[in-house]
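Overview (structure and organization)
Listed here are the chains, written in short residue letters.
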Amino acid sequence: RAVYVQFFRTVHRVSPHTAMPIPKNKFSTFLRDKIHGSPLFGSFFTLCVFINVSVMALYSEDLYPELKGAFDAQNHLFFGLMLLEAYLSILALGLGTYLEDRWVWVDIAAIAGSTLGYFVPESTFVRAFRLTRVFRVISNVPALRRML
């Protein structure tokens, strides 16, 4: 089994892949070098997702009906921050380069599920998509990524 896994890792590493061009305009270069490239960029958004997931885990409509408005407000805030992160990343890296990272597809699923929640009444299905935010924390913490 270990030889099989090692073989496919080697094949993936040496396989040719077509790289999408990274935008070269001044604005994208500034975003890529000064903002997106900063360790604070990823850390800030990972912290935001961690706070959002923690609040979602603690909240129960049955226990705290008076906090529903606050829960919804923080949910909207963190959804907006997820969109902002994706938008800035696409502007900095270009759509093709942004989509090359497989963990980004988890982010896209979280954004799609959260967007669906605005059009479909609250359901278990929409809540399940919100849980994909947990995977965003995993995707942004290298130690957790290696465990998966």
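Throughout what follows, the structure given in this document is the object of discussion.

Basis of the calculations
Residues numbered from 1 in each chain as written. Predicted model: local features only at pLDDT ≥ 70, side-chain atom pairs only at ≥ 80, totals over all residues. Heavy atoms only, no water. Helix = DSSP H or I, 4+ residues; strand = E, 2+ residues; numbered from the N terminus. Buried < 20%, exposed > 50% of the residue type's maximum accessible area, 1.4 Å probe, protein only. Contact = heavy atoms within 4.5 Å. Areas by Shrake-Rupley, 256 points an atom, 1.4 Å probe, with all protein chains shown as cover. Expected span 1.5 Å × (residues − 1). Patch = residues over 30% accessible without salt bridge, like charges linked within 9 Å, V, L, I, M, F, W, Y side chains within 5 Å. Salt bridge = Lys/Arg side-chain N within 4 Å of Asp/Glu carboxyl O. Core = buried A, V, L, I, M, F, W, Y, C linked by side-chain atoms within 4.5 Å. Phe/Tyr/Trp six-rings, centres within 6.5 Å; stacked < 30°, edge-to-face > 60°. Axes fitted to C-alpha atoms, helices over the stretch in contact; angles between N-to-C directions. Parallel < 35°, antiparallel > 145°, perpendicular 65-115°, else oblique. Left-handed = near helix turned anticlockwise from the far one by under 90°.

Right, let's get into the overall build of the protein. Helix and strand counts for the protein come out as nine helices and zero strands. The secondary structure elements of the protein, listed N-terminal to C-terminal, are α-α-α-α-α-α-α-α-α. Among the 148 residues that make up the protein, the fraction classed as buried is 29%. The long-range share in the protein, meaning contacts at least 24 apart out of those at least 6 apart in sequence, stands at 66%. Counting only carbon and sulfur atoms, one obtains 71% of the accessible surface of the protein, whose full area is about 10100 Å².

Between its first and last C-alpha, helix α4 (residues 68-93) extends 37 Å over 26 residues, near the 38 Å set by a 1.5 Å rise per residue. Note on α4: the residue one or two positions beyond its end, G94, has a positive phi of about 90 degrees.

Quick look at a nonpolar patch on the surface now. A surface patch of nonpolar side chains, about 340 Å² in accessible area, is lined by L47, F50, I51 and V55. Within the secondary structure, F50 is located in helix α3 (residues 39-58).

Ranked by size, the top nonpolar core spans nine residues in total: L31, F41, F45, C48, F78, L81, L88, A92 and L93. Those elements giving two or more residues to this core turn out to be α3 and α4.

What follows concerns the side chain of S28. Within the secondary structure layout, S28 lies in helix α2 (residues 26-36). For S28, a relative accessible area of 5% translates into the label buried. Excluding its chain neighbours within four sequence positions, the residues that come into contact with S28 are P23, L91 and A92.

One pass over the structure, following the stated rule, counts two aromatic pairs. A centroid spacing of 5.0 Å and a plane angle of 65 degrees characterise the contact between F41 and F45, whose relative ring orientation is edge-to-face. Of the two residues, F41 and F45 are both situated in helix α3; the distance of four residues between them amounts to about one turn of the helix. Accessibility assignment for this pair places F41 and F45 in one class, buried. Between the aromatic rings of F44 and F45, the centroid separation amounts to 5.1 Å while the plane-to-plane angle is 75 degrees, which identifies the pairing as edge-to-face. The exposure class assigned to F44 is partly exposed, which follows from its relative accessible area of 42%. Taking the relative accessible area as the measure of exposure, F45 reaches 5% and is therefore buried. Taken together, the ring pairs in this structure connect F41, F44 and F45 into an aromatic cluster.

Its location among the elements puts I51 in helix α3. Remark: the alpha-carbon pair of I51 and Q74, spanning 23 residues in sequence, is separated by 9.7 Å.

This paragraph deals with helix α6 (residues 102-119). Side chains that are three or four residues apart share a direction in an α-helix, a result of its 3.6 residues per turn. With 18 residues, α6 extends 27 Å from end C-alpha to end C-alpha; this agrees with the ideal 26 Å at 1.5 Å per step. Where α6 is concerned, the buried positions are V104, D107, A110, I111, G113, S114 and G117.

So, on to the packing of α2 against α4. Two elements in contact, α2 and α4, have axes whose closest approach is 7 Å; the angle formed by their N-to-C orientations is 120 degrees. The angle between the axes of α2 and α4 places the two elements in the oblique class. Here the hand of the crossing between α2 and α4 comes out left-handed. The segment α2 lies against α4, with F27, S28, L31, R32 and H36 engaging L88, S89, L91, A92 and L93.

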